[in-house]
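# Summary of the model geometry
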Amino acid sequence: MIKVILWDIDGTLLDFNRAEYDALKKCFQLFGMGACTDEMIARYSVINQGYWERLERGELSKKEVLEGRFREFFEKEGLETGQVSAFNLEYQIRLGDTVYFQDHADQLVQELKGQVKQYAVTNGTKTAQKRKLENSGLNEILDGAFISDEIGAEKPDPAFFTYVWNRIGCYGTKEVLIVGDSLTSDMLGGKQAGILCCWYNPGHRIQQAEIKPDYEIDHLWQVKEILHEGAR
């Protein structure tokens, strides 16, 4: 029986793409940088994803990711790079203040409260994630949150999961389920930790053969079916 759910935040409980879109638009306005078009945001998203993947592989530090992505983006768009650091700091705040739930996830987490223990596990920055948890109300529903900035390790690093494991209580590996949208972060990390893995894949992306989740869903409420199946 599954007794603990580890929820990824960005791209799982919360719609990161919509938050990113709003936060970038707002920051461009605040910094007087002109129009931030949808095409520019699409190009930034590709750059950003590449930097986070390099972080997961241990190739970059968090600081190199946070500022490097904007420096590369600004350079490619012909924008002044001198304000990268300030822009990133403001972006973290705006990102944390912009909350959109995926699949009415707030209602799901509330419904599961008391049935299973629920924790957030995230690689996002402390500034953004603390604000997201507070502004979304998830901090009042979840049993706790594990943020990589506070742990000192990023998913899928085994050190991240060891830290979590040592603090959630005494459970068997098959009693803990991680739910996340990233194969290379959430699923790989969960597999290495020996816990059950549920890949949230609403876009029906092709699964990488080397990473095989225990479950795959395209809507978060399907987690209830997994819990029911595990209880039989």
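Quick look at the structure, then. (Residues numbered from 1 in each chain as written. Predicted model: local features only at pLDDT ≥ 70, side-chain atom pairs only at ≥ 80, totals over all residues. Heavy atoms only, no water.)

On to the pattern of salt bridges, then. Evaluated as defined, the whole model comprises 19 salt bridges. E150 serves as the salt-bridge partner of K126, at 3.9 Å between the closest nitrogen and oxygen. With K126 in helix 6 (residues 126-136) and E150 in helix 8 (residues 148-151), the pair connects residues that are 24 residues apart, well separated along the chain. The network of salt bridges with common partners includes D8, K155 and D186. (Salt bridge = Lys/Arg side-chain N within 4 Å of Asp/Glu carboxyl O. Helix = DSSP H or I, 4+ residues; strand = E, 2+ residues; numbered from the N terminus.)

Side chains V4 and L6 of strand 1 (residues 4-7) all project onto a buried face; the interleaved residues I5 and W7 project onto the opposite face, where all are buried too. Across 4 bridges, the pairing between strand 1 and strand 2 (residues 117-122) is parallel. Of the residues in strand 2, the one forming a bridge with I5 is Q118. As paired strands, strand 1 and strand 4 (residues 176-180) are joined by 4 bridges and run parallel to one another. Residue pairing in the sheet places V4 in a bridge with V176 of strand 4. (Buried < 20%, exposed > 50% of the residue type's maximum accessible area, 1.4 Å probe, protein only. Pairing = 2+ DSSP bridges.)

What follows is about the sheet that holds strand 2. In spatial order, the strands read 3-2-1-4-5-6; together these 6 strands make up an open sheet with parallel pairing. Each edge of the sheet is formed by a strand with only one pairing partner; in this case those strands are strand 3 (144-147) and strand 6 (215-217). Each adjacent strand pair in this sheet contributes to an overall mean axis angle of 20 degrees, direction not counted. Direction of pairing for strand 5 (residues 196-200) relative to strand 6: parallel, over a ladder of 3 bridges. (Axes fitted to C-alpha atoms, helices over the stretch in contact; angles between N-to-C directions.)

The residue after K155, namely P156, is reached through a cis peptide bond having omega 10 degrees. By secondary structure assignment, the location of P156 is in the loop between helix 8 and helix 9 (158-168). In this structure, D103 takes a positive phi of about 50 degrees despite not being glycine. Within the secondary structure layout, D103 lies in the loop between helix 4 (84-96) and helix 5 (105-112). One non-glycine residue with positive phi stands out, namely H204, at about 50 degrees. In this fold, H204 is placed in the loop between strand 5 and strand 6. Judged by relative accessible area, which is 51%, H204 ranks as exposed.

Before going further, it helps to examine the environment of M40. Tracing the sequence through the fold places M40 in helix 2 (residues 38-56). On the basis of relative accessible area, M40 is assigned to the buried category, the value being 10%. Look past the residues within four positions of M40 in its chain and what remains in contact with it is F28, A35, F73, E77 and L79. (Contact = heavy atoms within 4.5 Å.)

In terms of burial, strand 4 is largely enclosed, as 5 of its 5 residues are buried. Side chains of strand 4 alternate between two faces, with V176, I178 and G180 and L177 and V179 buried alike. Where strand 4 and strand 5 come together, 4 bridges link them in parallel fashion. Each residue of the ladder has a partner; that of I178, found in strand 5, is C197.

Note on terminology: disulfide describes a covalent bond linking the sulfur atoms of two cysteines. Going through the model one piece at a time under the given rule, you end up with 0 disulfides. The structure places no disulfide on C36, whose sulfur is separated from the nearest cysteine sulfur, that of C27, by 9.3 Å. The thiol sulfur of C197 is not disulfide-bonded, and the nearest other cysteine sulfur, from C198, lies at 9.0 Å. Judged by its relative accessible area of 0%, C197 falls in the buried class. (Disulfide = S-S within 2.5 Å.)

Quick look at the packing of aromatic side chains now. Enumeration over the complete set of coordinates arrives at 14 aromatic pairs. Here the aromatic rings of F31 and F87 are separated by 5.4 Å at their centres, their planes lie at 50 degrees, and the arrangement is tilted. Residue F31 is located in the loop between helix 1 (16-30) and helix 2, and its partner F87 is located in helix 4; the two are separated by 56 residues in the primary sequence. Judged by its relative accessible area of 0%, F87 falls in the buried class. Taken together, a centroid distance of 5.4 Å and an interplanar angle of 65 degrees make the contact between F160 and F161 edge-to-face. On the basis of relative accessibility, which here comes to 0%, the residue F160 falls in the buried class. Of the aromatic side chains, those joined through ring pairs into one cluster are F28, F31, Y44, F70, F73, F74, F87 and Y91. Geometry around Y163 places R167 over its ring, the cationic atom sitting 3.6 Å from the centre. (Phe/Tyr/Trp six-rings, centres within 6.5 Å; stacked < 30°, edge-to-face > 60°. Lys NZ or Arg CZ within 6 Å of the ring centre and 35° of its normal.)

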